[in-house]
There are 2 protein chains.
Amino acid sequence: MEDITKIFFDLLMMFAAAKIMGEIFERIKQPSVIGEILAGMLLGPYIFGLIHPSQAETFHVYKVLAEIGVIILLFTTGLHIRVDDLLRVGRTSFMVAVLGVIFPFFFGYLFTLTAEHNTIEAMFIGAAMVATSVGITARVFADLGILDSQVAKVILGAAVIDDILGLLVLAVVTGLGKGNISYVKITLVTLEAAGFIFFLIIIGKRLIYKVAPTFNFVKTRNGPFVLAVLFCLGLSAVASYIDLAAIVGAFMAGMVLAELNIEFKLSSRFESLYDFLVPFFFVVMGIQVDLSVFIKFNLLGAALILTLFAILGKLLGCGLGAFGLGWKEASVVGVGMVPRGEVGMIVASIGLGMGAISSNLYSIVIFMVIVTTLLTPPILAKMIAKKFVRKKQKEKQEEIPVDL
Amino acid sequence: MEDITKIFFDLLMMFAAAKIMGEIFERIKQPSVIGEILAGMLLGPYIFGLIHPSQAETFHVYKVLAEIGVIILLFTTGLHIRVDDLLRVGRTSFMVAVLGVIFPFFFGYLFTLTAEHNTIEAMFIGAAMVATSVGITARVFADLGILDSQVAKVILGAAVIDDILGLLVLAVVTGLGKGNISYVKITLVTLEAAGFIFFLIIIGKRLIYKVAPTFNFVKTRNGPFVLAVLFCLGLSAVASYIDLAAIVGAFMAGMVLAELNIEFKLSSRFESLYDFLVPFFFVVMGIQVDLSVFIKFNLLGAALILTLFAILGKLLGCGLGAFGLGWKEASVVGVGMVPRGEVGMIVASIGLGMGAISSNLYSIVIFMVIVTTLLTPPILAKMIAKKFVRKKQKEKQEEIPVDL
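Not measured: the values here are computed from a predicted model.

## What about the overall build of chain A?
Okay, step 1: The helix and strand tally for chain A stands at 18 helices and 0 strands.
Okay, step 2: Projected onto its principal axes, the C-alpha coordinates of chain A cover approximately 65 × 50 × 45 Å.
Okay, step 3: Intrachain contacts of chain A at a sequence separation of at least 6 include 78% that bridge at least 24 residues.

In structure tokens form, the structure reads like this:
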């Protein structure tokens, strides 16, 4: 392997930049995740130009590391949410997800039509507005140590449903873009997704208690950790295979194992893996951000308007869906659902690749994704700080048993 | 990323196969590392054909994962060996390394000349006989929980010196193969390597005590782990950059940090990362093994003889070097230095690529590497079991603080 020296230097730079920026953001009392994304932007081609996504062979490796990182992130997020807890907030999550898809879709759709683009373009922009980046919000909650709160559960549940709805919207829109849309396929994807999730929710909990005693029979060192990794990788692979996002599988795996989290100290066993791999997800996300969008001044107006619609869409839709929780909680849910991430970028790039949307519209979507992603964490942190700050400190200590 | 589903299934298969085979080997009281290599052979192109090294794009990713895995392995190995401990065994390690290079080199050289090949071929085969695969032995010692023993320290110290000598031999032989050998370059490589290691040994310990207090000022979660990862990645990158193997840098990083291992619980913090990543190194090693060598019957005789020489070379050379430790310890050192790994394969493949050795000689070297690698762990385990078995059990418990 000729390029292994380069790979080691790149890994060193990414990890060091992420941790240094994360440390700075911790010290100015902001979620370290923003620091990690900014670290990626600094390393990327538009600022210091130290790591280029165009160097396909090495960058492919970093994308896989990032993908494993986001799997570990969603898995450990799931570990904090027991199925019963989720079912308790299930109706609210469902409403939040559905309204949080409808509002942004139509906002994006109408915005694009008004700007004199055609229906297909409008549908694509609508679809790109839909999917919440659960990674960002989960990470902010984890940084603040409030993954166990009701609001976190509503949001994370909604984000999972939201991912599935986003997937359906993408399937429909892609079908329309290609000119042929099969209702059979849409129905199949829906049934598959629903089947996967309901099977795990209903069977998972019963099965896990039957399987749990075998955890103690494993001779391999760190047995519970190894079995948990296998379950996580397994469900991620299956979810990816049936065209769901792999992160949905990882999240479900974590949620099923949440029942055993305390008994087998699973989340503390995953801590180092989390601290090593998760930063690569956010740094790689930052590296891939196309900052040239910000200097295309003729697009800036339109980009700002679409971003405003993206924010309002989730604020109104999700806030409405969570209204039963009370005004304050509903607004946290609304803000928590704002960040769009890789899914929005993927939808836009599929549209661009198919020739269904123009490169200007593509740039505008990227702008919207960056701004919603960077704007949400500090606002969310501020809104939550007042309520949860004491609980946060207590939990942070619990998270690091090796320090005690 | 189109192939992400395939990558998840591959990772799942590799991890599952490694852990299942490892578990089986634990139960038949053999080092789990053999199980992991065999798992790779099973998955590879010659048995079940589930993962092919020829699928360059995905396999490249697994090789990088493996490379990070072996870095973590050598780093955690280093964590158990303090500089003072190594200096105490330094003279013995040095003798073991030097004699353990001279004997196998001349055995390989004479074997090849006797078989009527030319001098260049003989030099290459000699060079391929030199470098011990420290990964295998370190892993066996870790599996048995005796990394802190004197024998382990002698072997690991010798293996590091051995790597550097192997590198020099390779540099010389490659120069001869190309027809031009620069003594200036050889001297430069030697000085660079020696400088890197002596600098770390002499300065490292003093510096680390000055730096240690800052460990407590880091706000980032799991701070000591993060700083240790940075140091490990940093020295690996530097070692790789100055044409030393990256694992030498990782080992030195671990050894410098060994001073702080207990205070900051470093080795238990690295446990999950180790249990997740290290298996990929051995599985990938297994996948790359060319089993077709075993069915080329006309080569089998020559292959067996070379393997015998490879074993005798290290047994005699290293045993002689360690004779001061007493007969039993010297024989453990001799056996512990027997396994050749990726370095032998690399030397042979460079020779093949340059047209300096024939494909038959290449196959014979691969055979020798496989047999010495698979033969050593069970023999070593048996030799050590009588002496250390009680200590092993005690240490194994200490290794898993989360279980207490």
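## A look at the interface of chain B and chain A
Okay, step 1: Contact residues are listed per partner, giving 49 residues for chain B and 49 residues for chain A.
Okay, step 2: Counting residues per element, the ones that place at least two in the side of chain B that touches chain A are α1 (4–27), α3 (56–79), α10 (223–241), α12 (266–269) and α13 (271–287) of chain B.
Okay, step 3: Tallied by class, residues from the side of chain B that touches chain A come to 25 nonpolar, 11 polar and 13 charged.

## Side note on the packing of helix α3 (residues 56–79) of chain A against helix α11 (residues 246–257) of chain A
Residues and elements named next belong to chain A.
Okay, step 1: Where α3 meets α11, the axes come as close as 6 Å, and the angle between the chain directions of the two elements is 30°. Handedness of the α3/α11 crossing: right-handed. Note on element contacts: α11 touches α3 through Ala246, Ile247, Ala250, Phe251, Met252, Ala253, Gly254, Met255 and Leu257, opposite Val70, Ile71, Leu74, Phe75, Thr76, Thr77, Gly78 and Leu79.

## A short note on the confidence of the model for chain A
Atomic detail in the predicted coordinates should be set aside for any region of low pLDDT.
Residues and elements named next belong to chain A.
Okay, step 1: Residues of chain A with pLDDT of at least 70 account for 92%, and the chain-wide mean is 84.
Okay, step 2: The low-confidence segment residues 389–404 (pLDDT under 50) makes 14 contacts with residues lying over four places distant or belonging to another chain.
Okay, step 3: The ipTM for the predicted assembly is 0.84, set against a pTM of 0.84.

## Some points on the relation of the copies chain B and chain A
Okay, step 1: After a rotation of 180° and a shift along the axis of 0.0 Å, chain B superposes on chain A with an RMSD of 0.0 Å. The superposition of one copy onto the other is thereby described by a two-fold rotation axis.
Okay, step 2: By residue overlap, the copies meet face to face through one surface: 100% of the interface positions of chain B are interface positions in chain A.

## Examining the packing of helix α2 (residues 32–43) of chain B against α13 of chain B
Residue and element names in this part refer to chain B.
Okay, step 1: One way to put it is that α2 packs onto α13 with a least axis distance of 6 Å and a crossing angle of 45°. It follows that α2 is oblique to α13 by the angle criterion. Every pair of crossing elements has a handedness; the one defined by α2 and α13 is right-handed. Residue-level contacts link Val33, Glu36, Ile37, Leu38, Ala39, Gly40, Met41 and Leu43 of α2 to Pro279, Phe282, Val283, Val284, Met285, Gly286 and Ile287 of α13.

## Regarding the environment of Val130 of chain B
Residues and elements named next belong to chain B.
Okay, step 1: Inspection of the secondary structure puts Val130 in the loop between α6 (119–128) and α7 (134–144).
Okay, step 2: The class for Val130 is buried, based on 29 C-beta atoms found within 10 Å.
Okay, step 3: Spatially, the C-alpha atom of Val130 lies 9.6 Å from that of Ala97, the residues being 33 residues apart in sequence.
Okay, step 4: Those residues in contact with Val130, other than ones at most four positions away along the chain, are Val101, Pro104, Phe105, Leu165, Gly166 and Val169.

## Points about α6 of chain B
Okay, step 1: Of all the 10 residues making up α6 of chain B, 8 are buried; the element is thus mostly covered by neighbouring parts of the structure.
Okay, step 2: Within α6 of chain B the residues assigned to the buried category are Glu121, Ala122, Met123, Phe124, Ile125, Gly126, Ala127 and Ala128 of chain B.

## Structural notes on unusual backbone geometry
Okay, step 1: Notably, Asn222 of chain A is not glycine yet its phi reads approximately 60°, a positive angle.
Okay, step 2: On the secondary structure map, Asn222 of chain A appears in the loop between α9 (183–211) and α10 (223–241).

## Examining the environment of Thr58 of chain B
Residue and element names in this part refer to chain B.
Okay, step 1: Assignment of secondary structure puts Thr58 in helix α3.
Okay, step 2: Look at Thr58 and you get partly exposed, because 18 C-beta atoms sit within 10 Å.
Okay, step 3: Residues Thr58 and Asp243, 185 residues apart in the sequence, show an inter-C-alpha distance of 26 Å.
Okay, step 4: Once you skip the residues sitting within four places of it in the chain, Thr58 turns out to touch Asp3, Lys6, Ile7 and Asp10.

Here is what the cut-offs are and how they apply
- Residues numbered from 1 in each chain as written.
- Chains lettered and ligands numbered in written order.
- Predicted model: local features only at pLDDT ≥ 70, side-chain atom pairs only at ≥ 80, totals over all residues.
- Helix = DSSP H or I, 4+ residues; strand = E, 2+ residues; numbered from the N terminus.
- Contact = placed C-beta atoms within 7 Å.
- Nonpolar A, V, L, I, M, F, W, Y, C, P; charged D, E, K, R; others polar.
- Axes fitted to C-alpha atoms, helices over the stretch in contact; angles between N-to-C directions.
- Left-handed = near helix turned anticlockwise from the far one by under 90°.
- pLDDT = per-residue confidence, 0-100.
- Least-squares fit on C-alpha atoms with pLDDT ≥ 70 in both.
- Parallel < 35°, antiparallel > 145°, perpendicular 65-115°, else oblique.
- Buried ≥ 20, exposed ≤ 12 C-beta atoms within 10 Å, placed from the backbone.

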